[in-house]
Amino acid sequence: MARRRRVTRQDVAVATSDLVERLRRHVEDLAATGEQLPGEHALAEQFGTSRPAVREAIVALERDGLVRRRHGAGTFINPVGASLRHRFDEQVEYSETLERAGYQARLEVLEAGWIPLDTELAALLELPRGTMAYRTLKRWFADDRVAMVATDTIPFDPDRSNGQGRALTVEPSASLFRLVEDLTGDTVDWEIAYPSAANLRRDEARHLGCRAGAAAMVLELVGVGRKGQPRYHALELHRPGVVRFGLVRVVD
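Keep in mind the model is a prediction, meaning the values are calculated, not measured.

About the thresholds
Residues numbered from 1 in each chain as written. Predicted model: local features only at pLDDT ≥ 70, side-chain atom pairs only at ≥ 80, totals over all residues. Heavy atoms only, no water. Pairing = 2+ DSSP bridges. Helix = DSSP H or I, 4+ residues; strand = E, 2+ residues; numbered from the N terminus. Axes fitted to C-alpha atoms, helices over the stretch in contact; angles between N-to-C directions. Contact = heavy atoms within 4.5 Å. Buried < 20%, exposed > 50% of the residue type's maximum accessible area, 1.4 Å probe, protein only. Arc of directions from axis to C-beta. Parallel < 35°, antiparallel > 145°, perpendicular 65-115°, else oblique. Nonpolar A, V, L, I, M, F, W, Y, C, P; charged D, E, K, R; others polar. Salt bridge = Lys/Arg side-chain N within 4 Å of Asp/Glu carboxyl O. 1 Å grid on protein atoms, 1.4 Å probe; cavity = no way out; pocket = protein on both sides within 12 Å on 5 of 7 lines; lining within 4 Å. Points joined across faces, edges and corners; volume = space filled by probe spheres on them. Core = buried A, V, L, I, M, F, W, Y, C linked by side-chain atoms within 4.5 Å.

Visitor: Go over the sheet that holds strand 5 (residues 132–142), please, and point to the residues and values.
Guide: Across the sheet, which stays open at both edges, the 6 strands sit in the order 4-5-6-9-8-7 with antiparallel pairing between neighbours. Strand pairing shows two members of the sheet lacking a second neighbour, strand 4 (105–116) and strand 7 (188–199), which therefore form its edges. Averaged over all adjacent pairs, the angle separating strand axes in this sheet is 15°, with direction ignored. Across the sheet, helix 7 (residues 176–184) is in contact with strand 4, strand 5, strand 6 (145–155), strand 7 and strand 9 (230–238); its angle to strand 6 comes to roughly 15°.

Spelled out as structure tokens, the structure:
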């Protein structure tokens, strides 16, 4: 007789997360066609799960501002929120954002290497000045047009060294979160975003394919690991007119 595997809390969390993502895509599809969200019983049958699991997933989408439950009236979709392809309050790989927006995404690594943290970055990352960090300069193309340029700086944890002060595996084209795992052994659970705007310097304009002095949206980001330690600093320059950013706020 086959031995039954014990179901862990992690298994439940993964299953719940998967259902939320599947239901999120379903809500986006319904919003695009103007259809209403079916009831919990119908959704449970459609997704092959239980009504309590569906209810929990709907609660998660309500927190994200994609649906609103009204007692006795049903669950209503926020069509404008569902149409947003990039939100300040969500973090996904930028290639996925571009693909959601209907573009063919392409990533290019412009620079990659080791640097000592200066005073400002060391303070942001709560580390001593001079700590070694891995820095990448990357840009993303939407079809054939540059959409975003990002400078990512990830401090190196010496405990993951191969004895020569360098990480065992560093692939600059890997995602930011994969690099954090490779260089620190930690997983990022939170990201703090500081939006602003700036007039592009000559080198920034060259990377973005814009004229010097043109305005661009700037996102400064700090990723925080599971133990509360800042694990990266990122500076993103977004070319105007490619992907529209938004923020959904729930009105109580």
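Now that the structure has been shown, the text picks up again.
Visitor: Give a description of the side chain of histidine 238 that names residues and reports values.
Guide: Tracing the backbone through its elements, the reader meets histidine 238 in strand 9. Not counting the four nearest positions on each side in its chain, histidine 238 is found in contact with Tyr94, Ala147, Met148, Ala216, Met217, Leu219 and Phe245.

Visitor: Requested: an account of helix 2 (residues 40–47), with residues and values cited.
Guide: Turning to helix 2, its buried residues are Leu43, Ala44 and Phe47. For helix 2, the buried positions fall inside an angular range of 100° around the axis, keeping them on one side. Count one or two residues on from helix 2 and you reach glycine 48, which has phi positive near 65°.

Visitor: Go over unusual backbone geometry, please, and point to the residues and values.
Guide: Working note: non-glycine residues mostly have negative phi, and peptide bonds are mostly trans. With a phi angle near 60°, glutamate 126 is a residue other than glycine that sits in the positive phi range. Inspection of the secondary structure assignment puts glutamate 126 in the loop between helix 6 (119–124) and strand 5. The backbone of aspartate 143 sits at a positive phi, close to 60°, despite the residue not being glycine. Structurally, aspartate 143 can be placed in the loop between strand 5 and strand 6.

Visitor: Residue-level account of helix 7, with values.
Guide: Along helix 7, the residues classified as buried are Leu176, Leu179, Val180, Asp182, Leu183 and Thr184. The buried residues of helix 7 all sit within an arc of 170° when viewed along its axis, so they share a single face. Where the residues of helix 7 are buried, they touch strand 4, strand 5, strand 6, strand 7 and strand 9. Looking one or two residues beyond helix 7, the residue adopting positive phi is glycine 185, at roughly 75°.

Visitor: An account of the packing of helix 2 against helix 3 (residues 51–63) is requested, with residue identities and associated values reported.
Guide: For the pair helix 2 and helix 3, interaxial distance at closest approach is 9 Å and the crossing angle is 105°. Considering their axes alone, helix 2 and helix 3 lie roughly perpendicular with respect to each other. Contacts between helix 2 and helix 3 pair Glu40, His41, Leu43 and Ala44 from the former with Arg51, Val54, Arg55 and Ile58 from the latter. Taken together, the residues of the contact of helix 2 with helix 3 break down into 4 nonpolar, 1 polar and 3 charged.

Visitor: Give a description of the pattern of salt bridges that names residues and reports values.
Guide: Counted under the stated rule, the structure contains 14 salt bridges. Taking the shortest distance from any N to any O, the salt bridge between arginine 51 and glutamate 40 comes out at 3.9 Å. With arginine 51 in helix 3 and glutamate 40 in helix 2, this pair connects stretches of sequence that are 11 residues apart. In this structure, aspartate 189 and arginine 226 form a salt bridge, with 3.4 Å as the shortest nitrogen-oxygen distance. Residue aspartate 189 is located in strand 7, and its partner arginine 226 is located in the loop between strand 8 (215–225) and strand 9; the two are separated by 37 residues in the primary sequence. The exposure class assigned to aspartate 189 is partly exposed, which follows from its relative accessible area of 38%. For arginine 226, a relative accessible area of 55% corresponds to the exposed category.

Visitor: Let's hear about empty space enclosed by the protein: which residues, and what values?
Guide: Under the definition given, this model contains 1 cavity of 30 Å³ or more. Roughly 110 Å³ of internal volume is contained in the largest cavity. Together, 13 residues line the largest cavity, and Glu28, Leu84, Arg87, Glu90 and Arg100 are the ones closest to its centre. Taken together, the elements giving at least two residues each to the lining of the largest cavity come down to helix 1 (9–33), helix 4 (79–83), strand 3 (86–87) and helix 5 (94–100). Grouping the amino acids of the lining of the largest cavity by side-chain chemistry returns 4 nonpolar, 3 polar and 6 charged.

Visitor: Kindly report on the nonpolar core, identifying the contributing residues and their values.
Guide: Formed by 19 residues in total, the largest nonpolar core has its most connected members in Leu23, Leu37, Leu43, Ile58, Leu61 and Ile77. Of all the secondary structure elements, the ones that give two or more residues to this core are helix 1, helix 2 and helix 3. Here this core gets 6 residues from one element, more than from any other, and that element is helix 1. The contact partners of leucine 43, leaving out residues within four places of it in the chain, are Leu23, His26, Leu37, Pro38, Val54 and Ile58. The next biggest cluster of nonpolar side chains, apart from the first, holds 14 residues, and it includes Tyr134, Val180, Leu219 and Phe245.

Interpretation note: all reported values are geometric properties and have no functional meaning in isolation.
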